Amino acid sequence: MITARARAVGTAQPRREDVRLLTGRGRFADDIHLPNMLHAAFLRSPLAHARIGRIDTAAARSLPGVHAVYTAADLEGIVEPIYFDAGIPGHSVPPYPALTGDTARFAGDPIAVVVADDRALAEDALAAIEVDWEPLPAVLTVEDAIAADAPQLFAEVPGNVIYHATHEYGDLEGAFAAADRVIPVRISQGRVTSSALEARGIVVDFDPVDGTITCYASAKAPHMLRGRIAEHLGHDHHKVRVVIRDVGGAFGGKGAVWREDLVIAAASKLLRRPVKWIEDRTENLTAFGAARDQGFDVEAAVKQDGTILALRMRMWMNHGAYPGMWLTPMFAALVRETVLSQLRIENFSFETLIAATNKNSYISYRGPGSAETLVRERVLDVIASELGLDPIEIRRRNLLTVEEQPWKMPSGVTVHRAHARETLERAVELVDYEALRAEQEQAREQGRLVGVGVAVSIQPCPGFPDWWEAIGYKTEAEPARLRLEPDGTVTLVTSEMP
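Small disclaimer: the values here were computed from a predicted structure and weren't measured.

*Asks:* Would you mind going over the sheet that holds strand E6 (residues 130–135) with me for this structure?
*Replies:* Hydrogen bonding along the main chain pairs the strands of a sheet, whether they run parallel or antiparallel. Pairing is antiparallel across the open sheet formed by three strands, whose spatial order is E4-E2-E6. Of all strands in the sheet, those bounded by a partner on one side alone are strand E4 (103–104) and E6. The pairing of strand E2 (residues 50–56) with E4 spans two bridges and is classified as antiparallel. Bridge pairing links Arg 51 to Thr 103 in E4.

*Asks:* Is there a simple way to think about the pairing of strand E18 (residues 481–484) in this case?
*Replies:* Regular strands place side chains that alternate from one sheet face to the opposite one. As paired strands, E18 and strand E19 (residues 490–493) are joined by four bridges and run antiparallel to one another. Residue pairing across strands places Arg 483 opposite Thr 491, the latter belonging to E19. What sits between the antiparallel neighbours E18 and E19 is a turn of five residues, in which Gly 488 has the positive phi angle 95°.

*Asks:* Teacher, can you tell me more about the nonpolar core here?
*Replies:* Nonpolar side chains tend to gather and get buried jointly when the protein is soluble and globular. In terms of nonpolar packing, the biggest core is built from 112 residues, with Ile 229, Leu 311 and Ile 383 touching the most fellow members. Apart from the residues within four sequence positions on either side, Leu 311 is in contact with Leu 172, Val 298, Glu 299, Ala 300, Leu 340, Ile 345, Asn 347, Phe 348, Ser 349 and Val 379. If you look at the next biggest cluster of nonpolar residues, it comprises 16 residues, including Ala 41, Val 66, Ala 104 and Val 131.

*Asks:* What exactly am I supposed to notice about the sheet that holds strand E14 (residues 308–320) here?
*Replies:* Pairing is mixed across the open sheet formed by five strands, whose spatial order is E7-E15-E14-E13-E8. At either end of the open sheet lies a strand with only one pairing partner, and these are strand E7 (161–169) and strand E8 (181–192). On average, each strand axis in the sheet is inclined to that of its neighbour by 10°, with strand direction left out of account. Where E14 meets strand E15 (residues 347–356), 10 bridges bridge the pair, whose relative direction is parallel.

*Asks:* Would you take a moment to explain the pattern of salt bridges for this structure?
*Replies:* Any two side chains of opposite charge can pair, on the condition that their charged atoms come close. Per the counting criterion, the structure on display carries 38 salt bridges. With its nearest N and O atoms 3.2 Å apart, the salt bridge here joins Arg 54 to Asp 132. Here Arg 54 is found in strand E2, whereas its partner Asp 132 is found in strand E6, with 78 residues between them in sequence. For Asp 132, a relative accessible area of 36% puts it in the partly exposed group. Beyond isolated ion pairs, a larger network of salt bridges with shared partners links Arg 44, Arg 119, Glu 123, Arg 200, Glu 260, Glu 279, Asp 280 and Glu 283.

*Asks:* In this structure, what is going on with the side chain of Arg 336? I would like to understand it.
*Replies:* As for its position among the elements, Arg 336 is in helix H11 (residues 328–338). Of note is the side chain of Arg 336, whose polar atom sits 2.5 Å from the side chain of Glu 337. Setting aside anything within four residues of it in sequence, one finds Arg 336 in contact with His 167, Tyr 169, Phe 348, Phe 350 and Ala 470.

*Asks:* Is there a simple way to think about the environment of Asp 30 in this case?
*Replies:* Of note, Asp 30 is situated in the loop between helix H2 (18–22) and strand E1 (38–44). Owing to a relative accessible area of 41%, Asp 30 belongs among the partly exposed residues under this scheme. On a C-alpha basis, the gap between Asp 30 and Pro 46 in space is 26 Å, while along the polypeptide they are 16 residues apart. Discounting residues that sit within four places of it in the chain, Asp 30 has contacts with Lys 276 and Ile 278.

*Asks:* Explanation requested: unusual backbone geometry in the structure shown.
*Replies:* Note: most residues except glycine have negative phi, and most peptide bonds are trans. Omega for the peptide link from Gln 405 to Pro 406 comes to 5°, which places this bond in the cis form. Checked against the element boundaries, Pro 406 lands in the loop between helix H13 (391–396) and strand E16 (407–408). Of note in this structure, Asn 160 is not a glycine but carries a positive phi near 60°. Relative to the helices and strands, Asn 160 resides in the loop between helix H6 (142–145) and E7. With a phi angle near 50°, Asp 293 is a residue other than glycine that sits in the positive phi range. Along the chain, the position of Asp 293 falls in strand E13 (residues 291–302). Here Asp 293 falls in the buried class, since its relative accessible area comes to 11%.

*Asks:* I keep staring at the packing of aromatic side chains and nothing clicks. Help me out?
*Replies:* Aromatic ring pairs are defined here through the distance separating the ring centres and the angle between the ring planes. A complete count under the given rule lists eight aromatic pairs for this structure. With centroids separated by 5.4 Å and ring planes inclined at 85°, the aromatic side chains of Phe 42 and Trp 277 adopt a geometry described as edge-to-face. Taken as a pair, Phe 42 in strand E1 and Trp 277 in strand E12 (residues 275–278) lie far apart in primary sequence, 235 residues in all. Trp 277 carries the same exposure label as Phe 42, and that label is buried. A ring pair is formed by Tyr 169 and Phe 348, whose centres lie 6.2 Å apart and whose planes are at 10°; its orientation type is stacked. Separated by 179 residues along the polypeptide, Tyr 169 in strand E7 and Phe 348 in strand E15 bring together distant segments of the chain. For the pair Tyr 169 and Phe 348, one class covers both residues: buried. Ring pairing ties together the aromatic residues Tyr 96, Phe 106, Phe 154 and Tyr 322, which thus form one cluster. For Arg 200, the ring lying beneath its charged end belongs to Trp 258, and the centroid distance is 4.7 Å.

Thresholds, definitions, all that
- Residues numbered from 1 in each chain as written.
- Predicted model: local features only at pLDDT ≥ 70, side-chain atom pairs only at ≥ 80, totals over all residues.
- Heavy atoms only, no water.
- Pairing = 2+ DSSP bridges.
- Helix = DSSP H or I, 4+ residues; strand = E, 2+ residues; numbered from the N terminus.
- Core = buried A, V, L, I, M, F, W, Y, C linked by side-chain atoms within 4.5 Å.
- Buried < 20%, exposed > 50% of the residue type's maximum accessible area, 1.4 Å probe, protein only.
- Contact = heavy atoms within 4.5 Å.
- Axes fitted to C-alpha atoms, helices over the stretch in contact; angles between N-to-C directions.
- Salt bridge = Lys/Arg side-chain N within 4 Å of Asp/Glu carboxyl O.
- Polar contact = N/O pair within 3.5 Å; in protein donor to acceptor, adjacent residues only side chain to side chain.
- Phe/Tyr/Trp six-rings, centres within 6.5 Å; stacked < 30°, edge-to-face > 60°.
- Lys NZ or Arg CZ within 6 Å of the ring centre and 35° of its normal.

Dropping the structure here:
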């Protein structure tokens, strides 16, 4: 008998939506066209840091085809200030409006929105808005932000320090005292952003008859979007509906609720007509957000044979200006919980410093994996180089075996049934590592630089309950419905998005 498991494992499984998407029959946010629909465009700050004086929208409002121009003053009492707080001790969370009215804090900060018959008219009207700007000194790096004389971005965030905490596990002093060497490593990552084929977009349709709000969005968190629209617009939850069809790429960033979403929902409610906003590429690259822009200072206490006794890590993060839906301390916590991976280390400290700067918001971008894998594997390579060991050998001496599992990381996270060590050995065998190194040496003798790299990583999917508890989350089962149909097939209903 061929079981379903046998058919699925090790075979290519085409997705149900492939044919529809590949034949051009996908339906994305910009494919939504509703009767009497209007279009929106945002006026954004051209300066990274500036005090906003007079905003004159009279000329823009008078243009033919323009139905409304809203500023922060117009939406006061309509959209409640945004406040993303997860109750993390020591986390400074400033509230801020959906549209900025007093101080622009990054180049791209939304100042006003125009709603018109079409997008071109809306963009023309943006040019008619007059704003008095008073440029202010800007801080762009963590070092600049925490300097004693740095300009302050928010009154609620003294010293621009969003979050600072240190977690220690095990006997650090004893481990460092017993080490043959202490090896320092500094690693930094530049600022990056996702650039999906489909940028952000939302269509909001307020029905004045029954008071329902229907949103069609390019997003991956419909329940979160529904809850935030209801909360910030003071609308009944049961009268807000979010529809998400196809998503043309997300890479983490579309798992949030954005200021623009709330503004478009408010505009539809005020005008009593559908309103569409589709982010253009310039907005996407300036206002959407960015990730990484962070670094690590590491001290490794090691024995001469390559055994790692302890690690001290200090992670700094460039928060950008406004707190996003996914708070930066959570990202740091994810790195802290996963960075040791399958290393046999019991003594560990992790310091986090997060600072606000005049850049766009820090966003999720492929989770924490790039940061935690980069720092761990780079530290291992530096230790190997300092001790004259092969990168494979340093991993052999410090990776857990299956027989040692289940294993508790210092932070309390369980590692179980993870075969990183065994996978490494299999990879060494498959690539014929010794022959590869011989080829590398031969190439170098000929003046050609050929690199050989190795990295070992595990990913909690979804992880043991203690993995989530270690970063401060109470785990709850995600609801799903399984229904047996009259014809004998089974239908699974889940909130997961493609």
